[in-house]
Structures are given as structure tokens and as C-alpha cells.
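Working through the structure, step by step
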Amino acid sequence: MATIPEEPSKSESEIDVPSHNSDLLNERHPLKRTWTLWYLNDKKNLDWLQRLHDVCSVDTIEDFWMLIRNVRPPSRLNNTCDYNVFRDHIRPVWEVPENKSGGRWLINIDRSKHPELIDVIWMEILIAMIGEQFGEDSEQICGIVCNIRSKGSKISVWTRDASDEEANKRIGQTIKEKLVNAELPEHISGPVFDTMRYEDHDDVQQKNSSQIKSKLIISSTGN
């Protein structure tokens, strides 16, 4: 399935359907994969894994939109909370086999200017990911992570193999295309992001400073 359709508007959802077409209301459009939303709460007195919860798994378009309508957007999460959406029951931790050799495309977001901008970025990438819009490289994508932090929030797309530079380049270019062409609220102008950086998970885990060497960099305004 190539594309996730847009969520129906309220007026569309309230249209009366004749009873002889009632079966259409129960029709389900399957996704290619199962996707799971994980939530990390802000209870800092607990261990990290104790804060992480499996919220819901979806495998149809209809269930995906039902989930989106019933959870808070990232802009309304408390500080230190995370959202994670990963495919095929992959746990959103570095140590599992699907993630341990991978890396991430990272976008830093300043929420102080436009708090809702993080929602735009989250939904654009999430829909592209679940809608298999990365083509042959969809197999390389493990999931998406949103970290809400007071000093700067982050959205990252995790990939399976940090050494597959060509696939990771294509994934990055597809993310850029989706974000550059995203429909923004009227009061927001300019690029959705400045730069995206690809980092190896091993480098992130072993970092001894705030700076991590980026394997790839993509600018919103250049190549």
C-alpha cells in the first residue's frame, strides 16, 4: 500500500450512509506492516524501561487514524516524555537485534517559536513511514522517535543498518522532500527544519561530549 489517505474531516464523518451500504463502515484497509506506539512517561523516579509502555498496535488505515485521534499530539506531552512508533513489534531500544547495527536521522526542534511545528514534522514523517512512501528503502526503516525536552526537542527516524550509506541517503532525501513540501499553518513561514544529521547508534551511546560526528548531513535549502 503506497499511501495513507488523509483523515476524514468531521463533516465527512457525519454523512449519513444508507443501511444497505452499512458493510462499508466495517471495511478495513490493511497496512503492509503492524506498527506499535510506545509511550515513555515523565516519572523520573522510575527506571527507563519502567517508564516505557506499549500503548497500541495497528495494522489497518482505520485503526491508525483512530489511534491518532485518541492520543495527544507531541506538542502537548510533558517534558521528558517520548513517543515511539516502530514496525513489526520492534522494541524502541538500541540493544535489540533490529536496531543495534543501525543509526538515526535526527532533527532538532526549537519549540519556543512555534510549539505546533513538532506536530507537523511528526505527522508528515509518520504518514510517509506507515504509508510505505520510502519505496525499496522502507525495509531499512525501524521506526520514529519523538523526544520532548525543555532544552530542545528531537524527532529521529531509526534505520536498520548504519553502514548502508546509499539507502540512508535516500531515506534522508525522502524525509526532506516530505518536510519541504509540508502544508504549514499560515502563521509559520520558512523551512520546517535547518539541517538533518545521520548518527550511528554506537556513536550516540559512547559519546563523551555534546557533539557527535555526523555520518551524513542534509540541509533544507541545499543538497
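Residue numbers here run from 1 along each chain, matching the order of that chain's written sequence. The predicted nature of this model means local features are confined to residues of pLDDT at least 70 and side-chain atom pairs, given and counted, to a pLDDT of 80 or more, with totals for whole chains, interfaces and linings taken over all residues. In computing side-chain properties, one takes all heavy atoms of the structure into account and sets aside hydrogens as well as water.

Taking an unreviewed UniProt entry as the reference, the protein chain is identified by name as eIF-4F 25 kDa subunit belonging to Steinernema hermaphroditum. Looking at the Sequence similarities (unreviewed entry) heading of the UniProt record, one finds this comment for the protein chain: "Belongs to the eukaryotic initiation factor 4E family." UniProt positions are given in the numbering used here, feature names are shortened, and annotations may be inferred rather than shown by experiment.

**Quick notes on the sheet that holds strand β7 (residues 195-200)**
For two strands to pair, DSSP has to find at least two bridges joining them. Segments assigned H or I by DSSP are reported as helices when at least four residues long, segments assigned E as strands when at least two residues long, and all are numbered from the N terminus. The eight strands lie next to each other as β2-β1-β3-β5-β6-β4-β7-β8, forming an open sheet whose pairing is antiparallel. Of all the strands in the sheet, the pair left with one neighbour each is β2 (52-60) and β8 (216-219). Pairwise comparison of adjacent strand axes, ignoring direction, gives a mean angle of 20 degrees for this sheet. Pairing between strand β4 (residues 103-109) and strand β6 (residues 153-159): seven bridges, direction antiparallel. Across the sheet, residue Arg104 finds its bridge partner in β6, namely Trp158. For every element, the axis is a line fit to its C-alpha atoms; helices are fit only across the contacting stretch, and the angle between N-to-C directions ranges from 0 to 180 degrees.

**Brief notes about the packing of aromatic side chains**
Pairing of aromatic rings covers Phe, Tyr and the six-membered ring of Trp, with a centre-to-centre limit of 6.5 Å; geometry is then stacked below 30 degrees between planes, edge-to-face above 60, and tilted otherwise. Enumeration according to the criterion identifies five aromatic pairs in this entry. Relative to Trp65, the ring of Phe64 has its centre 5.0 Å away and its plane inclined at 65 degrees; by these criteria the two rings are edge-to-face. Given the relative accessible area of 2%, Phe64 is considered buried. Taken together, Tyr39, Tyr83 and Trp122 form an aromatic cluster joined through their ring pairs. Here's how the labels work: a residue is buried when its accessible area is under 20% of the maximum for its type, exposed when over 50%, partly exposed in between, all with a 1.4 Å probe on protein chains only.

**Considering helix α5 (residues 165-180)**
Residue count minus one, scaled by 1.5 Å, sets the expected span of a helix. Between its terminal C-alpha atoms α5 stretches 22 Å, which fits the 22 Å expected from 16 residues at 1.5 Å a residue. All of the buried residues in α5 are Ala167, Asn168, Ile171, Gly172, Thr174, Ile175, Lys176 and Leu179. Residues of α5 that are buried sit in contact with β4, α4 (117-130), β5 (141-147), β6, β7 and β8. A contact between two residues is defined here by any heavy atoms of the two lying within 4.5 Å.

**Thoughts on helix α3 (residues 61-69)**
Listed as buried for α3 are Ile61, Phe64, Trp65, Leu67 and Ile68. The arc that holds every buried residue of α3, seen down its axis, measures 155 degrees, which confines them to one face. In this fold, the buried residues of α3 make contact with β1 (30-40), β2 and α4. Directions pointing from the helix axis toward each C-beta atom define the arc.

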